[in-house]
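Chain residues, written in single-letter form:
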Amino acid sequence: MVTISKKTKMITKIKKFILNNNLDGYIIPKNDNYFTEYSNINNLKKVTNFTGSAGFALILKNKNYLFVDGRYILQAKRQSGKRFVILEIPYKWPKDLPNIQKSKIGFNPKLFTDHTIIKYFDKKVDLIPIIYPFEKKIETRINKMFNLNKSITGETSLNKLKKIKKFLSEKKINYLYVSASENVNWLLNIRGKDLPNSPLINCKVIVSDSRKVYLFIDLKKIPQNKGQYLKNVKIFDENSFLDVLNNLSKKKFAIDKNTCSIFEKRIIKSKFQIISEIDPIYDLKSIKNNTELRNTIKAHIEDGVAITKFLCWFKTKKNEMTEIKIEKKLEILRKESKNYLYPSFDTIAGSGPNGSIIHYKSNKMTNRKLKKNDILLIDSGGQYKWGTTDVTRTICSGKVSNKIKNNKNNPVILSTWNFGIPANEEAMKVLKSRGSAMDAAEAGARHAESDVENNSFGYGGLPDELGHVTLDACVMDSTGNAGSVAFLQNIKHPVSVARMVMDDTKHVMLVGEGAKQFAKSKGFEEMN
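Residues numbered from 1 in each chain as written. Predicted model: local features only at pLDDT ≥ 70, side-chain atom pairs only at ≥ 80, totals over all residues. Heavy atoms only, no water.

1. Structural notes on the environment of D472
Logical step 1: You can see D472 is positioned in strand β21 (residues 471–476).
Logical step 2: Taking the C-alpha atoms as reference, D472 lies 6.4 Å from L488; in sequence the two are 16 residues apart.
Logical step 3: Separated by 2.9 Å, the side chain of D472 and the backbone nitrogen of F487 make a polar contact. (Helix = DSSP H or I, 4+ residues; strand = E, 2+ residues; numbered from the N terminus. Polar contact = N/O pair within 3.5 Å; in protein donor to acceptor, adjacent residues only side chain to side chain.)

Written out as structure tokens, the structure is:
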């Protein structure tokens with residue numbers, strides 16, 4: 001008897017949906033309508049079995065495609081390769097597929113932004129807004145919203161709202177629609193547990209130029225005693241967005257192009273004028289106050305204690321170890337802190353060949369027993385009451401051989417993206433001529449920075465919202481000395497400037513105009 005898998009049945013249902021609605025295909029993203037990297041709703045996994053943090057599927061009548069970036073090619077082939085053709089972004093997009101022109105592609109307008117849908121298809125297809133009825137997981141447990149006090153945030157919500165009012169006033173905008181949940185959480189100093197590994201509550205807000213706040217949320221998540229922190233906030237069910245908009249009288253809106261869905265944008269645009277597509281909260285929350293900085297340090301100290309205990313345990317452990325046992329031990333040690341909440345992402349414990357898989361997650365099928373002298377990659381982190389950590393360590397289950405320690409005759413150079421291949425070749429030339437690892441890394445990065453076909457960074461980099469190309473670079477040597485530059489403009493090789501910051505100054509980072517002036521003082525030519 002032949003059994004048909006759940007994935008195959010679901011793909012068959014989607015193809016039937018395509019035919020019944022006179023479509024040529026249907027696109028399925030990983031995100032939900034809050035556009036977070038990880039969410040409890042993951043339709044992409046349901047259809048493809050792919051568990052990586054980024055990707056999307058395009059199901060056509062006669063073929064299925066899964067698009068992932070270079071981190072996940074190996075993982076996607078293992079998890080989804082039997083049913084899907086795996087394509088690597090940014091080198092292949094749906095618009096690059098043969099015979100895709102003028103196809104009718106269905107999509108859920110609540111799960112895509114204009115920005116992403118244009119990047120995927122570039123107006124080469126007819127996009128049909130239609131929602132495929134995925135089965136919804138019924139929430140049996142409702143996680144209530146809670147408040148963070150000033151001892152943790154360092155700033156009241158009222159003060160943050162004043163900053164938003166200033167932004168609206170300067171831009172002559174009446175309303176800001178904050179559609180990114182993490183930005184709402186920051187603005188109102190609230191948190192929750194709607195995501196697997198982040199203490200966020202899913203919600204959205206409209207803030208007016210008179211500092212009125214309209215909060216859209218699942219009302220069951222509001223605690224009975226909501227306290228003073230929501231005293232001046234008008235709370236609405238998350239499906240009341242249109243009703244609230246209809247009662248707003250002023251005309252000018254700002255939205256967030258990264259998280260305002262096509263569905264929401266069309267509703268706003270039908271009645272209001274969209275002046276800006278930039279949410280200022282991204283910049284505001286990136287500037288940490290002294291309380292946040294102190295709390296970040298505290299979180300890393302507590303996590304460092306757990307990591308140190310783990311390394312000691314690993315070094316002295318004589319019994320059989322597996323990847324899953326290692327994950328569990330690390331979690332037990334973190335839980336010894338009363339301020340620990342839960343992991344900040346799924347722990348990566350990859351031994352031997354599993355250590356080469358990006359974002360590897362051990363399971364019953366892949367769980368390896370550590371062999372003598374295996375190399376183990378541990379990448380893990382914790383959510384604490386006042387901070388988040390992410391720590392990576394590479395350790396050996398036995399004695400590290402001299403071949404691995406002193407691999408001078410067989411150096412290895414790694415790059416994530418395809419444009420790194422010629423950069424690796426440049427770096428290898430330096431190593432073969434007896435140059436240092438730092439010289440090689442700089443040479444490789446300079447090659448990538450000079451590539452006019454590479455639009456992700458360097459000389460060919462695309463501009464930001466304001467039309468500026470801004471560049472970053474960071475270097476670190478084998479002793480832990482580091483140098484970096486950020487927001488550097490009109491200098492062709494930021495990696496070389498970063499190295500001079502490391503070699504010639506007491507600083508670790510120079511930013512913006514200061515970085516440019518330093519570069520010019522070192523003889524770097526300013527160029528467009």
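2. As for helix α15 (residues 437–450)
Logical step 1: Under the 1.5 Å per step criterion, the end-to-end length of α15 is 20 Å for 14 residues, consistent within 8% with the ideal 20 Å.
Logical step 2: Residues of α15 that are buried: M438, A440, E442, G444, A448 and E449.
Logical step 3: Considering only its buried residues, α15 is in contact with α14 (420–432), β21 and α16 (494–504). (Expected span 1.5 Å × (residues − 1). Buried < 20%, exposed > 50% of the residue type's maximum accessible area, 1.4 Å probe, protein only. Contact = heavy atoms within 4.5 Å.)

3. Considerations on the environment of N363
Logical step 1: Structurally, N363 can be placed in the loop between β16 (348–351) and β17 (375–380).
Logical step 2: Considered as a pair, N363 and I324 are 39 residues apart in the sequence and their alpha carbons are 7.4 Å apart.

4. What about the side chain of T113?
Logical step 1: Mapped onto the fold, T113 is located in the loop between β5 (104–107) and α4 (114–121).
Logical step 2: We classify T113 as buried; its relative accessible area is 1%.

5. Examining empty space enclosed by the protein
Think of a ball as big as a water molecule: rolled over the atoms, this probe shows where empty space is left.
Logical step 1: Scanning the model with the defined rule gives 1 cavity of 30 Å³ or more in all.
Logical step 2: Along its surface, the largest cavity is lined by I307, F310, L311, L330, I378, V391 and R393.
Logical step 3: Counting only elements with at least two residues in the lining of the largest cavity, the list comes to α11 (290–316) and β20 (391–396).
Logical step 4: Of all the elements, α11 adds the most residues to the lining of the largest cavity, at 3 residues.
Logical step 5: Its residues placed into classes, the lining of the largest cavity shows 6 nonpolar, no polar and 1 charged. (1 Å grid on protein atoms, 1.4 Å probe; cavity = no way out; pocket = protein on both sides within 12 Å on 5 of 7 lines; lining within 4 Å. Points joined across faces, edges and corners; volume = space filled by probe spheres on them. Nonpolar A, V, L, I, M, F, W, Y, C, P; charged D, E, K, R; others polar.)

6. Points about the nonpolar core
Logical step 1: One finds L187, L188, V205 and L215 to be the most contacted residues of the largest nonpolar core, which totals 25 residues.
Logical step 2: Breaking this core down by element, the ones donating at least two residues are α6 (157–171), β8 (175–178), α7 (181–188), β10 (204–208) and β11 (213–217).
Logical step 3: Excluding residues within four positions of it along the chain, V205 makes contact with L176, Y177, V178, V184, L187, L188, V213, Y214, L215 and F216. (Core = buried A, V, L, I, M, F, W, Y, C linked by side-chain atoms within 4.5 Å.)

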